[in-house]
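A structural walkthrough
Read off the chains here:
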Amino acid sequence: MNTQLTVKKNRLSSTVASLKPSGIRRFFDLAASMEGVISLGVGEPDFVTPWRMREASISSLERGHTAYTSNAGMLPLRVEIQKYLEERFSVSYHPETEILVTVGASEAIDIALRAILDPGDEVLVVEPCYVSYEPVIRLAGGVPKFLKTTMENQFKLTPQELEANISERTKAIIFCYPNNPTGGTMTADEWKTLLPIIEKHDLLVISDEIYAELTYGRMHDSIAALPGMKERTILISGFSKAFAMTGWRLGYVCATPDLLAGMLKIHQYTMLCAPTMAQMAALEALRHGRADMERMVESYRQRRNYVVDGFRQIGLACHEPDGAFYAFPSVAATGLSSAEFAEKLLLEEKVAVVPGDVFGESGQGHIRCSYATSMEQLKKALERMERMMGKLS
């Protein structure tokens, strides 16, 4: 019997077929095949989720809390999110109509874009940027258009760059501050320079604030807290970075009732609800986990100071990141591209970093280095990088 399948039509959609594989994955796969590699590539905390959150989840399982929650998430959790955002970032959302608990911030980004975009709508993307923004925009039928930031202006979005890239088809702008991969941030005064342009062109704003708590030396300024911006902003955050809960896959999205209702429709049909046990852990994090979070943030701050000074001493120009847990040093002085430098560093010195151009053309000439790892590992990595820089010079 002939069991060979004859394929007469393309079985994948043209949109999916045209998506590029993650540029990060190639280096991770290569590093995984080598022994003795120090990885500065992974974008997640090196801390284990604090015990109080794990205990809350275990206790909920032991009490038999294994059923679905509301599509929007447990109401007590949404109430705590509302209190937390108002107290910490001075932005207030109604827990019943303006907050939706999602399966990670990634789902929140996906459903936000799908809820607002019609085919052909343009979305401005501030880059260097999180690798998922472009493909998720395309999957939602949108067209990404990239806004450049540079080390010279500390990777901040300028009014000139924003205004120059808006067209009649522009529907929204998406950004992440504190930024992945650069660690750049925006202050309230810097946001205010953009507001007249956003209002003039009636743009929707998707503000990915997953690293908000990891802001050093001051509190994070949310664009949603500025006058008139809550009504046009979709605020996205979660528990992965601040509370070391990456594997729990729990995030949330906040928006006006009309926008949230649209996102809830998609969430209902695709995810139903976020995991109950993860929601119980998040509830404990917001109620009693602030001290754990602050200890982790202080550790990141110390590591940031160490690696930035280290990069500068070995000849790699590096701006001081004000947030997140990434440094984004320039390798332009070596004469190598981002990918060439990263591959050489991995193969010759067994240090894994991420080429900057993975995060958009604006990242060319840089590498992303996560300092969410131990000081011992960071010290060894810098020693190996210094050795390679010596050979290059």
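Residues numbered from 1 in each chain as written. Predicted model: local features only at pLDDT ≥ 70, side-chain atom pairs only at ≥ 80, totals over all residues. Heavy atoms only, no water.

A look at the overall build of the protein
The number of helices and strands found in the protein is 14 helices and 12 strands. Its C-alpha atoms give the protein a radius of gyration of 21 Å, within 12% of the compact-globule value 21 Å for 393 residues. Taking the principal axes of its C-alpha atoms as reference, the protein extends roughly 70 × 60 × 50 Å. Here the protein holds 393 residues, and the buried ones make up 53% of them. Looking at the protein as shown, the accessible area adds up to about 17300 Å², and 51% of this sits on carbon and sulfur atoms. Looking at charge distribution, the protein has the averaged site of its 42 positive side-chain charges lying 4 Å from that of its 48 negative ones. (Helix = DSSP H or I, 4+ residues; strand = E, 2+ residues; numbered from the N terminus. Rg over C-alpha atoms; globule rule 2.2 N^0.38 Å. Buried < 20%, exposed > 50% of the residue type's maximum accessible area, 1.4 Å probe, protein only. Areas by Shrake-Rupley, 256 points an atom, 1.4 Å probe, with all protein chains shown as cover. Lys, Arg positive; Asp, Glu negative; His and termini not counted. Charge placed at Lys NZ, Arg CZ, Asp CG, Glu CD.)

Regarding the pairing of strand S8 (residues 251-254)
What you see with S8 is no split at all: Gly-251 and Val-253 on one side and Tyr-252 and Cys-254 on the other are buried throughout. Sheet analysis places strand S2 (residues 99-102) next to S8, joined by 4 bridges and oriented antiparallel. Paired with Val-101 across the strands is Tyr-252, a residue of S8. Note: strand S7 (residues 233-238) against S8, 4 bridges, orientation antiparallel. (Pairing = 2+ DSSP bridges.)

A short note on the UniProt feature "domain: Aminotransferase class I/classII large" (unreviewed entry) in the protein
UniProt annotation of "domain: Aminotransferase class I/classII large" (unreviewed entry) refers to residues 36-384 when read in the numbering used here. Segment residues 36-384 splits into 39% helix and 14% strand. End C-alpha atoms: 12 Å apart. (UniProt positions renumbered as here; feature names shortened; annotations may be inferred.)

Regarding the environment of Ile-116
Examined against the element boundaries, Ile-116 turns out to sit in helix H5 (residues 104-116). By relative accessible area, Ile-116 is classed as buried at 7%. Once the C-alpha coordinates of Ile-116 and Met-34 are considered, the two residues, 82 residues apart in sequence, prove to be 44 Å apart. Once you skip the residues sitting within four places of it in the chain, Ile-116 turns out to touch Asp-121, Lys-171, Ala-172, Leu-204, Ile-206, Ile-234 and Leu-259. (Contact = heavy atoms within 4.5 Å.)

Structural notes on the sheet that holds S7
Remark on secondary structure: sheet strands pair via backbone hydrogen bonds, oriented parallel or antiparallel. Sheet architecture is open: 7 strands sit in the order S2-S8-S7-S6-S5-S3-S4, paired in mixed fashion. Pairing within the sheet leaves two strands with one partner each, and these edge strands are S2 and strand S4 (143-148). Across the sheet, the axes of successive neighbouring strands diverge by a mean angle of 20°, strand direction being ignored. Here 6 bridges tie strand S3 (residues 122-127) to S4, and the two strands are oriented parallel to one another. From the neighbouring strand, Glu-122 faces S4, where its bridge partner is Val-143. Lying over the sheet, helix H10 (residues 257-270) contacts S2, strand S6 (204-208), S7 and S8, oriented at roughly 25° with respect to S2. (Axes fitted to C-alpha atoms, helices over the stretch in contact; angles between N-to-C directions.)

Comments concerning the packing of helix H4 (residues 75-89) against helix H11 (residues 276-288)
At a closest axis distance of 10 Å, the pairing of H4 and H11 adopts a crossing angle of 30°. As for the relative orientation of H4 and H11, their crossing is left-handed in sense. In contact with Pro-76, Leu-77, Glu-80, Ile-81 and Tyr-84 of H4, H11 contributes Gln-279, Ala-282, Leu-283, Leu-286 and Arg-287. Partitioning the contact of H4 with H11 into residue classes produces 7 nonpolar, 1 polar and 2 charged. (Left-handed = near helix turned anticlockwise from the far one by under 90°. Nonpolar A, V, L, I, M, F, W, Y, C, P; charged D, E, K, R; others polar.)

Quick look at the side chain of Ser-207
One can find Ser-207 in strand S6. Given the relative accessible area of 2%, Ser-207 is considered buried. Excluding residues within four positions of it along the chain, Ser-207 makes contact with Phe-175, Ile-223, Thr-233, Ile-234, Leu-235 and Ile-236.

Some words on the sheet that holds strand S11 (residues 354-355)
Strand order in the open sheet formed by 3 strands is S9-S12-S11, with antiparallel pairing between adjacent strands. If you trace the sheet from one side to the other, it starts and ends with strand S9 (326-327) and S11, each paired once. Pairing analysis gives 2 bridges linking S11 to strand S12 (residues 367-370), with the strands arranged antiparallel. Bridge assignment links Val-354 to a residue of S12, and that residue is Arg-368.

Let's talk about the packing of H4 against helix H12 (residues 290-313)
In contact at an axis separation of 15 Å, H4 and H12 are set at 50° when each is read in the N-to-C sense. The pairing of H4 with H12 is recorded here as oblique in orientation. H4 and H12 meet at a crossing whose hand is right-handed. Every residue of H12 that contacts H4 at Tyr-84, Glu-87 and Arg-88 is listed here: Arg-290, Met-293 and Glu-294. (Parallel < 35°, antiparallel > 145°, perpendicular 65-115°, else oblique.)

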